[in-house]
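# Summary of the model geometry
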Amino acid sequence: MTSIAGLLGRGAGAMADAVRKREVSATELARASIERIAATDARINAFTAVTAERALKHAAAIDERIAAGGSGLSADLPLAGVPFAVKNLFDVAGLTTLAGSKIERDSAPASADAVLLQRLEAAGAVLVGALNMDEYAYGFTTENSHQGPVCNPHDQRRIAGGSSGGSAAAVAAGQVALSLGSDTNGSIRVPASLCGVFGLKPTFGRLPRTGTFPFVSSLDHLGPFARSSRDLALAYDAMQGPEARAGTTGEHDPGCAQRAAQPVIGLLPRGLDGLRIGVLGGYFSDNAQPEALAAVDRVARSLNVTESVELPWVEAGRAAAFLITNAEGGARHLENLRRRAADFEPLSRDRFLAGALLPAAWITQAQRVRRLYAQQVARVLGDFDVLLAPATPCTAPQIGTEWLEINGRRLPARASMGLLTQPISCIGLPVCTVPVWQAHPTMPVGVQVIAAPWREDLVLRVAAALESAGVVSAPIAAP
Amino acid sequence: MTPAQMEDYVDAAAAALELPLEAAHRPGVLQYLALAAGFADIVNAVPLSPHDDCAQGFLPVGPGEEAR
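Structural notes, computed from the coordinates. (Residues numbered from 1 in each chain as written. Chains lettered and ligands numbered in written order. Predicted model: local features only at pLDDT ≥ 70, side-chain atom pairs only at ≥ 80, totals over all residues. Heavy atoms only, no water.)

### Details of the overall build of chain B
Here is the rule: Helix and strand definitions here come from DSSP, where helices need a minimum of 4 consecutive H or I residues and strands a minimum of 2 consecutive E residues; each element is numbered from the N-terminal end. In this treatment the radius of gyration is a C-alpha quantity, and the globule benchmark scales as 2.2 Å times the residue count to the 0.38 power. To sort residues, take the accessible area from a 1.4 Å probe on protein chains only and compare it with the maximum for the residue type: under 20% means buried, over 50% means exposed, and anything in between is partly exposed. Every accessible area reported is derived by Shrake-Rupley at a probe size of 1.4 Å, with residue values counting cover from the shown protein chains alone.
Counting its secondary structure elements, chain B contains 2 helices and 0 strands. Here chain B has a C-alpha radius of gyration of 18 Å; the compact-globule value for 68 residues is 11 Å, and the former is much larger. Each of the three principal axes of chain B carries a C-alpha extent, and together these read 50 × 35 × 15 Å. Burial status across chain B gives 28% buried among its 68 residues. As displayed, chain B offers around 4,400 Å² of accessible surface, 59% of which is attributable to carbon and sulfur atoms.

### A closer look at the environment of Glu243 of chain A
Residue and element names in this part refer to chain A. As a reminder of what qualifies: By the convention used here, residues are in contact when the closest approach between their heavy atoms is within 4.5 Å. Any pair of N or O atoms that falls within 3.5 Å is considered a polar contact. Within protein, one atom must be able to donate a hydrogen and the other to accept it, and sequence-neighbouring residues count only if both atoms are side-chain atoms.
By the secondary structure assignment, Glu243 is in the loop between α9 (229–239) and β11 (277–280). Distance from Glu243 to Asp286, taken between C-alpha atoms, is 41 Å for residues 43 residues apart in sequence. Sequence-distant contacts of Glu243, defined by excluding residues within four places in its chain, comprise Val115, Arg119, Pro208, Thr210, Glu251, His252, Asp253 and Gln258. In this structure the side chain of Glu243 is engaged in a polar contact, spanning 2.5 Å, whose partner is the side chain of Thr210. A polar contact of 2.9 Å, which involves the side chain of Glu243, links it to the backbone nitrogen of Asp253.

### What about the sheet that holds strand β16 (residues 431–436) of chain A?
Where strands meet in a sheet, backbone hydrogen bonds hold them as pairs that are either parallel or antiparallel. Residue and element names in this part refer to chain A. Put simply, the test is: The pairing criterion is simple: DSSP has to find at least two bridges between the two strands. Note on definitions: angles span 0 to 180 degrees between N-to-C directions of axes, and those axes are lines fitted to C-alpha atoms, for helices only across the stretch in contact.
Reading across the sheet, the 11 strands line up as β1-β3-β2-β8-β10-β9-β16-β17-β13-β11-β12 and stay open at both edges, with mixed pairing between neighbours. Edge positions in the sheet fall to β1 (47–50) and β12 (308–309), since each has one partner strand and no second. Here β11 pairs with strand β13 (residues 386–390) via 3 bridges, running parallel. Across the sheet, residue Gly278 finds its bridge partner in β13, namely Leu387. Against the sheet, helix α4 (residues 52–68) touches β1 and β3 (126–131), its axis set at about 160° to β3. With respect to the sheet, helix α11 (residues 290–302) is in contact with β11, β13, β16 and β17 (445–451), its orientation differing from that of β13 by roughly 150°.

### Structural notes on the pattern of salt bridges
Residues and elements named next belong to chain A. As a reminder of what qualifies: What makes a salt bridge here is a side-chain nitrogen of Lys or Arg within 4 Å of a carboxyl oxygen of Asp or Glu, nothing more.
Taken as a whole and assessed by the stated rule, the structure comprises 23 salt bridges over all chains. One salt bridge in this structure joins Arg414 and Glu143, with 2.6 Å as the shortest N-O distance. Within this pair, whereas Arg414 is found in helix α16 (residues 413–416), its partner Glu143 is found in strand β4 (residues 143–144), the two being separated by 271 residues in sequence. Taken individually, Arg414 and Glu143 each receive the classification buried, so the pair is uniform in this respect. A salt bridge links Glu456 to Arg206, with the nearest nitrogen and oxygen atoms 2.8 Å apart. Residue Glu456 is found in helix α18 (residues 456–468), and its partner Arg206 is found in the loop between β9 (198–201) and β10 (221–226); the two are separated by 250 residues along the sequence.

### Observations concerning unusual backbone geometry
Residues and elements named next belong to chain A. Backbone torsion omega between Gly162 and Ser163 reads 10°, so that peptide bond is classified as cis. Its identity is not glycine, yet Gln258 carries a phi of approximately 55°, on the positive side. Position of Gln258 relative to the elements: it lies in the loop between α9 and β11.

### A short note on the side chain of Arg209 of chain A
Its location among the elements puts Arg209 of chain A in the loop between β9 and β10. In this view, Arg209 of chain A contacts Phe204, Ser217, Asp220, Leu222, Asp253 and Gly255 of chain A; residues no more than four positions away in its chain are not counted.

### Focus: the pairing of β3 of chain A
All names here are of chain A. Selection criterion: The handedness of a crossover follows from its direction of travel: if, with the strands pointing away from the viewer, the path from the first strand over the helix to the second runs clockwise, the crossover is right-handed.
Counting buried residues in β3 gives 6 out of 6 residues, a clear majority hidden from the surface. Pairing of β1 with β3 involves 3 bridges; the strand directions are antiparallel. Bridging across to β3, Phe47 finds its partner in Leu131. By the bridge criterion, 5 bridges tie strand β2 (residues 83–87) to β3 in an arrangement that is parallel. In the sheet register, Pro83 faces β3, and the bridge partner there is Val126. Handedness of the crossover is the feature at issue here: the chain leaves β2, passes through helix α6 (residues 115–122), returns alongside β3, and the resulting connection is right-handed.

Below is the structure:
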């Protein structure tokens, strides 16, 4: 392994340290990432576009800035030279924002970058491409009929999960050190679980979504994937903070709380001191296969957690998430459903069509139940700082799997991959998905580390402690 | 809803929305409507008072804030 290949394997923080110390250049890292994508992506199918020219130009600018020296490089360029990629629902100037669809291929290229992409590049990271996903983010498997399925880097016969399947797979395959995805009902946490990487779904409203293609605005979150909790924290800190308003021409995410940044990187060493941690039982154990429960058990034992707790109204919360998603997604795409339904992804088209027809009273009731459920869960979070639950009911199924057996019930595989994530994102709680390897002979499965709103620091502290204890890790898949 | 009521509902709602449904898509639409109806039964079983409000909020938009 060359030193550059070694650096690609070490993660974002180590790469940035090396670039700032001029042990390696941002240009060399960008080239190494582009070469690895070229060497591996025929098997993985994570990328829908590689932005090599842009990457090398930006990397050269980072190298010039480092060569010029000066103080404050560590603070100004915490991600110096780190190659990253974004789910193809993020606007990338000059590229058409596909959102996984065939229909959007007819749209004009984006004129500007998404806000979070701008923020990562301002921190020194280098965009190398756009990533495959489920069409319009409506799926948990990234079996995209237009682009082909994303294959799990750890076993290419299996799914990578979705809808941010390309984002998780690119990190697991060592193509990039960081990626961005979106999570409406589990689309960061499911692929992170199945590909064995770390994923952070921040609190709803924490990170601005400006410059991304929406799915369900009342539920959409954005967040990073990485191979360590430290790398997640570096990326997350670089993306926090309110949007600058630019008068009447400036775009602005009305769903973003526009909170001041609350950096977490310095809090990771605090560990578990004083944290009250519980395991979610009931619904969360009833809807998981033995390997997913074994992963939670392994994490809980490492943390000396014995207390189990159930969330009130959790099934109603999941039902509310389904209905809101179905109706809002269907309504968003109604015009194209009228004119060109045949051009939609066959795996989600009929769901979109049905969603457009749902009675308004169901959706209003779902939104009211969502609030009641959030209030009930807040009471539980008064007694626990952190809750643990499986991220997926099982390890990655084979591509094309139609049905899952869970506790003697036969369930549709594609929809069921989000059974355990939907009740959490429905009420906007921050979650770090951590990858556990010892629960299955060959494949990873993730555990959700969940906290109260705006406490991303707690989920990342627990993730870092588990990593230090050797309980969770994100090795790069063998080429 | 019974299966027959569901078929009638799909036809009426699709007509109201001017949403043409191809024959090949109709069985899938009915299947997903049935799934949604099951979830609606779950949320409708939650006892709510008239004072239990929606989760969504709205922020007024002032002059100079018209951008998306």
